[in-house]
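Observations on chain architecture
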Amino acid sequence: MTDGDRRRGLDGPAPDERPTPTGRRNEQGIRIDPAVEATHEPRRTVISTLVEHEPGVLSDVSGLFSRRQFNIESLTVGPTTDEDRARITLVVEEPDPGIDQIKKQLRKLVPVISVRELESDAMRRELALVKIDADEPAQVSAVADMYDGKTVDSCPETATIEITGSRQKIDAAIETFEQFGIREIDRTGTTALARGIQSTAAPASTTESTATEASQPQNQYAPADDD
Amino acid sequence: MSERATSVTPPEEQHDDQNQDQNPDAQQPQRDTEPDEFSAPAGETRAEPVTTGAESVVRALENAGVEYAFGVQGGAIMPIYDALYDSEIRHVTMAHEQGAAHAADAYGIVSGEPGVCLATSGPGATNLVTGIADADMDSDPMLALTGQVPTELVGNDAFQETDTTGVTTPVTKDNTFAADPDGVGTDVSEAFALAREGRPGPTLVDLPKDVTNAETDAEPDAPETPDTYEFTEEADPEIVAAAAEQIETANRPVMLLGGGVIKGEASETCREFAIEHEIPVVTTMPAIGAFPEDHELAMEMAGMHGTGYANMAITHCDTMIAVGTRFDDRLTGGIETFAPDAEIIHVDIDPAEISKNIHADYPLVGDADTVVSQLAHAVERSPQATKWRAQCQQWKSDYSMAYDAPEDEPVRPEFVVEALDEATSDRAVVTTGVGQHQMWACQYWTFTEPRTWVSSHGLGAMGYGLPAAIGARLAADDDQEVVCIDGDGSFLMTLQGLSVAVRENLDITVAVLNNEYIGMVRQWQDAFFEGRHSASEYGWTPEFDTIAEAFGATGFRIDDYDEVADTIAAALSEDGPSVIDVHIDPQANVYPMVPSGGDNGQFALAEDQL
Ligand SMILES: Cc1ncc(C[n+]2csc(CCOP(=O)(O)OP(=O)(O)O)c2C)c(N)n1
Ligand SMILES: [Mg+2]
């Protein structure tokens, strides 16, 4: 090699002289079979985790979502029947491989005791407080009734309605309330439990029974009822 | 099975006697023993009951068998240092906390046991972060202990207060703020166990000064992982059977060994498996040394600067047995073109690595050594791969790593690496900085033993080399040479560590491959930025041999080929630290090269192919 060639590099067949394989992988690293090319569309699902009730666990969980760029729609956290444990309920939207990753990454956090993706028939509830102009009180309360809403505060100018239910129901209620003029809204994320006898998150070593678990949503909503 | 692997027990099977495996001399606190009932075994001098949180912390380290700790003193960590004063644990005072973390990291790589580093609150803790992040990326076992301002000041922006657990959460396997003097020792025991068990990684315990200063007689529990931490030892036998069948019927099999092979002490089992079934072996960078690179089946390192033959092998294989690798992008290049015809058998102890980047057709979750042994039992006949092996050998000659080294030109870095390799034993430990020199070290040193390659892989932290050499020196056997192959830029980042090497009289040889460039960046600028050398040229570097002398180390300099062998021999024969300032060809580039996100099979052998 000459002086000017010192940077040149190594000998061997150039890239275009080499054989190349015909296969390909998709973005998720899955080999693509052109005949049955599987595309993974994002889907929305609820993941329920039982965690040690200790400082930092919530930031561990939320930090994981931001660091790994998982799409999270809502996160709620609350106590369980066991004072050392808390439940974090997450609504996420990802393609299947992403949902798998979320579950595995959550499971790796040391204070996380169990992780479970709930079936699509799981009970899910959100709560919303909607503060509306009370110019037409009768109509407001008619709409509130339509959505099983409850008036938790009222004054000559405003009425605040509490609505619980599925996300769709709350969306619909809010849309209907818009005709009166909405001043403020506060919404919780989704809380969810598995149906029937199955336990939402059953770690090997916990004694939490399904029966006591089932009574939990009432406990959680109790303060709201007192408003 | 290895020493490490045998002492790994699933959490539910762990008993206090696990501690006995690690340090038979240590006294055995029982989980259910009330602290005041604790009595030291007869004849034990250091089993005096603890009296403070800090003593409990040090006792936890002693119980775990810790021999060395690397750190820097400071206000908030003083109680721990005071307790260390009476301990057998040897503390190495570093010049910078980043160095303490890298030294602990390298200690962990070479010994297999977590390296321990200490720092004070605030700047001490933040200086550790680079080293912690490095250990996290490379899954190196490491325990960091940081001082913290007293609990009552936490949250008040007190002097040298940093939210250390907040800062380190994304770069640790787990971290804890120790809130309770009675529990602080056990927090440390648990963190130590977490650092080494399962997939290793760095853990951190933040120690507020009031907690470590507080009186307590609570002895720490034995180093055990918490109940919520679980990992699988053995893979699902059904998937093992299916994977075995895939291997038996493969025509173009490749083993891809990752760093988990070394961490899981699976090198021997993988070697036996590959040799018995005559399967070509490719490694990732952290797995260098897992398979002897002078073996016929060795295709060496794959990926961005891997050998052409390794990249051809992984691109064209039909079956890939990947063990302990996370399919990092520097290995895979573009996902679309990574091993596009291969059925992937993926062995990993971390289920989250399965199908994270590359879909696993045969997911085998478990300990590397255990699962490869399972595979070895299950595979009954070797794949029919004579043609494939011949093809691999052909690639080895087609894409030979041979380089030109004309006598009358500046010294080639490859030549220096080979000369260092030649002059040292097979078990010599190599550490590096980050850049071209690191790649030449991978490519031109022939590694044959696990735990002899110590580098910053996933994080790519310049400055790693010298402090890592300090940690490696203390972990290695006396007859293992420790050589740091550094770059001029990397060396400048942490060369204050020379003061430590001199003070501790550590036998380390640093070879600075001095191109007076931020060389790797210069190479990319030439290839991708029309040769505009923005902030990559020094034009001047200090005389590293003179600097070494000023520190009290021995300095050497190489400018020509005929000085290489003799100077290396002289430097190696020095008893303490020595530094060779090797002036290499500043124009030398690293090839082969797969540009970021490129196709591994289309690696460039020269700039005009990029
Ligand atoms: C801490 C840090 N800062 C910046 C970089 C970016 N970087 C990668 S390689 C490199 C050049 C390293 O120069 P040198 O140590 O002299 O090695 P050479 O490539 O010249 O062998 C730089 C700046 C890095 N990897 N680490
Ligand atoms: Mg350089």
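Residues numbered from 1 in each chain as written. Chains lettered and ligands numbered in written order. Predicted model: local features only at pLDDT ≥ 70, side-chain atom pairs only at ≥ 80, totals over all residues. Heavy atoms only, no water.

Let us look at the overall build of chain B. Within chain B, the secondary structure is distributed over 24 helices and 18 strands. Relative to its length of 610 residues, chain B is compact, with a C-alpha radius of gyration of 24 Å against a globular reference of 25 Å. Projected onto the principal axes, the alpha-carbon positions of chain B cover approximately 70 × 60 × 45 Å. Counting only residues that meet the buried cut, chain B has 63% of its 610 residues in that class. Put simply, of all contacts in chain B between residues at least 6 apart along the chain, 74% involve residues at least 24 apart. A total accessible area of about 21,300 Å² is found for chain B, and carbon and sulfur atoms account for 46% of it. Charged side chains in chain B number 27 positive and 111 negative. The centres of these two groups are separated by 4 Å. (Helix = DSSP H or I, 4+ residues; strand = E, 2+ residues; numbered from the N terminus. Rg over C-alpha atoms; globule rule 2.2 N^0.38 Å. Buried < 20%, exposed > 50% of the residue type's maximum accessible area, 1.4 Å probe, protein only. Contact = heavy atoms within 4.5 Å. Areas by Shrake-Rupley, 256 points an atom, 1.4 Å probe, with all protein chains shown as cover. Lys, Arg positive; Asp, Glu negative; His and termini not counted. Charge placed at Lys NZ, Arg CZ, Asp CG, Glu CD.)

With that out of the way, let us pick up the domain arrangement of chain B. Residues and elements named next belong to chain B. What the domain assignment lists for chain B is domain 1 (5–213), domain 2 (237–398) and domain 3 (413–591). Contacts between the two partners involve 25 residues from domain 1, matched on the other side by 28 residues from domain 3. Where domain 1 abuts domain 3, roughly 2,000 Å² becomes buried across the two surfaces, and 66% of that area is made up of carbon and sulfur atoms. Of all residues in domain 1, His 102, Ile 109 and Val 110 give up the largest surface area on contact with domain 3, accounting jointly for 26% of the area buried on that side. The interface formed by domain 1 and domain 3 holds one salt bridge in total. (Domains from an automatic or database assignment. Buried area = accessible area lost by both parts, 1.4 Å probe. Salt bridge = Lys/Arg side-chain N within 4 Å of Asp/Glu carboxyl O.)

Before going further, it helps to spend a moment on the interface of chain B and chain A. Each partner contributes to the interface: chain B provides 57 residues, whereas chain A provides 41 residues. Of the roughly 3,900 Å² buried between chain B and chain A on both sides combined, carbon and sulfur atoms contribute 49%. For the pair chain B and chain A, the number of links is four salt bridges. Among the ionic pairs, Glu343(B) bridges to Arg31(A), the shortest N-O distance being 2.7 Å. Counting across the chain B and chain A interface gives 22 residue pairs in polar contact (both at pLDDT 80 or more). If one sorts the elements of the side of chain B that touches chain A by residue count, helix α13 (residues 308–316) of chain B sits on top with three residues. When the residues that make up the side of chain B that touches chain A are grouped by side-chain class, the tally is 25 nonpolar, 13 polar and 19 charged. (Polar contact = N/O pair within 3.5 Å; in protein donor to acceptor, adjacent residues only side chain to side chain. Nonpolar A, V, L, I, M, F, W, Y, C, P; charged D, E, K, R; others polar.)

Quick look at helix α12 (residues 267–277) of chain B now. Residues Ser267(B), Thr269(B), Cys270(B), Arg271(B), Phe273(B), Ala274(B) and His277(B) constitute the buried set of α12(B). A positive backbone phi angle near 50° is found at Glu278(B), which sits one or two residues after α12(B).

Residue and element names in this part refer to chain B. Where helix α17 (residues 413–423) contacts helix α18 (residues 436–444), the axes come no closer than 9 Å and their chain directions differ by 55°. Comparing their axes, α18 and α17 come out oblique. Crossing handedness for the pair α17 and α18: right-handed. In this structure, α17 contributes Pro 413, Glu 414, Val 417, Glu 418 and Asp 421 to the contact, and α18 contributes Trp 440, Ala 441 and Tyr 444. (Axes fitted to C-alpha atoms, helices over the stretch in contact; angles between N-to-C directions. Parallel < 35°, antiparallel > 145°, perpendicular 65-115°, else oblique. Left-handed = near helix turned anticlockwise from the far one by under 90°.)

Two side chains with opposite charge may pair up if their charged atoms get near one another. Inspection of every chain in the model, using the stated rule, returns 37 salt bridges over all chains. Where Arg44(A) meets Glu73(A), a salt bridge forms, and the shortest distance between an N and an O atom there is 2.4 Å. Of this pair, Arg44(A) sits in strand β1 (residues 43–52) while Glu73(A) is found in strand β2 (residues 72–79), placing the two residues 29 residues apart along the sequence. What makes Arg44(A) partly exposed here is its relative accessible area of 39%. Of the residues examined, Glu73(A) reaches a relative accessible area of 33% and is grouped as partly exposed. Note that Arg557(B) and Asp559(B) form a salt bridge whose closest N and O atoms lie 2.8 Å from each other. A relative accessible area of 36% means that Arg557(B) is categorised as partly exposed. A network of salt bridges, in which partner residues are shared, links Lys108(A), Arg199(B), Asp350(B), Glu353(B) and Lys356(B).

Looking now at the coordination of the magnesium ion (ligand 2). Residues and elements named next belong to chain B. The protein atoms that coordinate the magnesium ion (ligand 2) are Asp 488 (OD), Asn 515 (OD1) and Tyr 517 (O), at distances of 2.0 to 2.2 Å. Look at where the donors of the magnesium ion (ligand 2) fall in the sequence and you get D-x26-N-x1-Y. Accessibility assignment for this pair places Asn 515 and Tyr 517 in one class, buried. (Donors = N, O, S within 2.8 Å, 3.2 Å for Na, K, Ca; no water.)

Take the site of ligand 1 next. All names here are of chain B. Residues in close proximity to ligand 1 total 17 residues, the closest being Gln 436, Asp 488, Gly 489, Ser 490 and Gly 519. Between Gln 436 and ligand 1, the recorded distance is 2.7 Å, taken from a backbone N or O atom to an oxygen atom. In the environment of ligand 1, an oxygen atom lies 3.0 Å from a nitrogen or oxygen atom belonging to the backbone of Tyr 517. Residue assignment for the shell around ligand 1 shows that the elements contributing at least two residues are α18, α20 (488–494) and α22 (519–528). (Near = heavy atom within 4 Å.)

Counting across every chain of the model gives 14 aromatic pairs over all chains. Arranged with centres 5.6 Å apart and planes meeting at 75°, the rings of Trp524(B) and Phe528(B) form a pair that is edge-to-face. Of this pair, Trp524(B) and Phe528(B) both sit in helix α22, four residues apart, which is roughly one turn of that helix. Residue classification places Trp524(B) among the partly exposed residues on the basis of a relative accessible area of 25%. Among the residues examined, Phe528(B) registers a relative accessible area of 34% and is labelled partly exposed. Of the aromatic side chains, those joined through ring pairs into one cluster are Tyr68(B), Phe70(B) and Tyr107(B). Its end group placed over the ring of Phe603(B), Arg18(A) keeps NZ or CZ at 3.7 Å from the ring centre. (Phe/Tyr/Trp six-rings, centres within 6.5 Å; stacked < 30°, edge-to-face > 60°. Lys NZ or Arg CZ within 6 Å of the ring centre and 35° of its normal.)

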